[in-house]
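Each chain, written out:
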Amino acid sequence: MHDALQKEIATYEKWTPKSAAAHKRALQRIPLGVASNYRHYEPYPIFVKDGKAGRIHDVDGNEYVDHNLCFGALMAGHCHPAVVKAVEQKLHEGTTFGMPHEQEWELAEEICARYPIDMVRFGSSGTEVTMHAVRIARAATGRDKILKFEGSYHGLHDAALVSVKPKAEDWGDADAPNSVPGGGGIPKASLANVVVASFNNLASVDRRFRENPVQIAAIILEPILMNVGLCMPQPGFLQGLRDICTKNGTLLIFDEVKTGAKLGWGGASEFFGVKPDMICLAKSIGGGLPLGAFGASRAVMDLISQHKVFHGGTYNTNRVAMAAGLATFREVLTRESYAHVGTLSKKLTEGYRAIVKKSGLRAYVASAGVNGALMLYPEEIRNYRDWTKIDVDLWRHYWFGMVNRGVLAQPYWWDEQWTISVQHTEADIDKHLAVFEEVAPALSKAQRERGLAFVGAAGH
Ligand SMILES: Cc1ncc(COP(=O)(O)O)c(C=O)c1O
């Protein structure tokens, strides 16, 4: 670890003693002291106290401009007034009944108006909706295999937790990556049904189809890889996948858990002009409450109507999450809001680019909708394997440097990206940029001193 990073971590420890104590206590009862592995990092994570609009406070009383926003689930920002009002009302009227209600149709209408699907069902998380989408695709085609991309994340079910962050010694040929389980407990039979290809590499996809003729039910992908920082699809890649799917009778599933709300009004299909067969939504559509949705054409979703595919869930369409979702679609994810966050996003991105240039940092700034990231690479990454070549300690230097000065530039982990909320202000962006301007020269210096001597092995 280089000196400047060591100093930043010492500062972090100085300002966050209550987080350290809370983590130590939590470790007694909760594995890693956190409720999701993504929330754990060394030396210990910040324990949060509260949040409002674009800022949060930790248990030590420090304030941060928050561009973590619950791993991108809060384009609404904290406590959006419309969401609070809608939720508060439902708290007094009954939160959950396990019975149909009229808000279901209302939200289904909102969703089908925006995304190219005819029918929708709801759930409570991204994991849940990608799991159901995969099952429906299997039933629709009578095939068991799915194709996913190395480095793409679709949640925690068996079919999804494959080749998410494979190690170099396991990943195999770039054109035919191995299916690597993302931890113990994933049956070999599940692995055998997940074939893996490389993002932005249509040849690798073609090859998989040749090797598995008439066996692949679906291609599932994040239209923009947002679990390796921010990696754009190269021109023609998404259309190429569309063509391969059409030719092979395979369903194209856009996992829009991240892009659906945050890329723009109509998500990735509108943005890129490519129509998938199924769409999965979660995170920012719920305004901070747990809400997911998956949808497709009437013909595909009729598999549920005809009792050929089973879908259920006790908490599906609970009144609180649905009220939050409706308020979010109607009052947060509006055309005017996209214009507002678009201006902030441009300001932040261009500001970062100017600072990167001035500081001499070898990096670029990726941006899409309200998401963006400082990418510590000399040139644009195209896939997961490119992403692993990051200098992790330099990234940690960036993240702790920003946090110590009051800016959560993005969630911890160099596979994430910042989110801008509709409640962020010009002043928040100014603060973010001022802090980056302060941190960047030290990063640039450390980068020069470290040269390429770092071990480029990223992974959780
Ligand atoms: C693209 C994508 N799909 C699915 C998921 C899983 O969503 P959840 O954490 O709500 O289960 C995530 C979570 O980060 C995601 O980024």
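This structure is a prediction, so every number in the text was calculated from the model and none was measured.

The rules behind the values
- Residues numbered from 1 in each chain as written.
- Predicted model: local features only at pLDDT ≥ 70, side-chain atom pairs only at ≥ 80, totals over all residues.
- Buried ≥ 20, exposed ≤ 12 C-beta atoms within 10 Å, placed from the backbone.
- Helix = DSSP H or I, 4+ residues; strand = E, 2+ residues; numbered from the N terminus.
- Pairing = 2+ DSSP bridges.
- Expected span 1.5 Å × (residues − 1).
- Axes fitted to C-alpha atoms, helices over the stretch in contact; angles between N-to-C directions.
- Parallel < 35°, antiparallel > 145°, perpendicular 65-115°, else oblique.
- Left-handed = near helix turned anticlockwise from the far one by under 90°.
- Contact = placed C-beta atoms within 7 Å.

Draft legend 1. Local environment of the pairing of strand S4 (residues 119–123). Of all 5 residues in S4, 4 are buried, a share of seventy percent or more. Where S4 and strand S12 (residues 292–296) come together, 5 bridges link them in antiparallel fashion. Looking across to S12, one finds that Val120 is bridged to Gly295.

Draft legend 2. Summary view of the pairing of strand S9 (residues 216–221). S9 sits mainly inside the fold: 6 of its 6 residues count as buried. Pairing geometry for strand S5 (residues 145–149) and S9, over 3 bridges, is parallel. Bridge pairing links Ile146 to Ala218 in S9. The pairing of S9 with strand S10 (residues 251–255) spans 4 bridges and is classified as parallel.

Draft legend 3. Structural detail: helix H17 (residues 392–403). In this model H17 runs 16 Å from its N-terminal to its C-terminal C-alpha over 12 residues, within 8% of the 16 Å that 1.5 Å per residue would give. The buried count for H17 comes to 9 of 12 residues, which makes it a mostly enclosed element. Listed as buried for H17 are Leu394, Trp395, His397, Tyr398, Trp399, Phe400, Gly401, Met402 and Val403.

Draft legend 4. Local environment of the packing of helix H15 (residues 335–359) against helix H18 (residues 426–450). Orientation of H15 relative to H18, taken along the N-to-C sense of each, is 20 degrees, at an axis distance of 9 Å. What the angle tells us is that H15 and H18 run roughly parallel. The crossing of H15 and H18 is right-handed. Mapping the contact onto sequence places Leu344, Lys347, Leu348, Gly351, Tyr352, Ile355, Val356 and Ser359 in H15 and Ile429, His432, Leu433, Phe436, Glu437, Ala440, Pro441 and Ser444 in H18.

Draft legend 5. Molecular detail of the environment of Arg208. Following the sequence through the fold, Arg208 ends up in helix H9 (residues 202–211). Judged by local crowding, Arg208 falls into the buried class, with 21 C-beta atoms found within 10 Å. For Arg208 and Trp171, which are 37 residues apart along the polypeptide, the C-alpha to C-alpha distance reads 15 Å.

Draft legend 6. Broad picture of the environment of Gly451. Its place among the elements puts Gly451 in the segment after H18. Given 8 C-beta atoms within 10 Å, Gly451 falls into the exposed group. For the pair Gly451 and Thr16, spaced 435 residues apart in the sequence, the C-alpha separation amounts to 31 Å.

Draft legend 7. Spatial organisation of unusual backbone geometry. Glu42 connects to Pro43 through a cis peptide bond whose omega is 0 degrees. Secondary-structure assignment places Pro43 in the loop between helix H2 (17–26) and strand S1 (48–52). The backbone phi angle of Cys70 is positive, close to 50 degrees, even though this residue is not glycine. With respect to the secondary-structure elements, Cys70 resides in helix H3 (residues 69–72).

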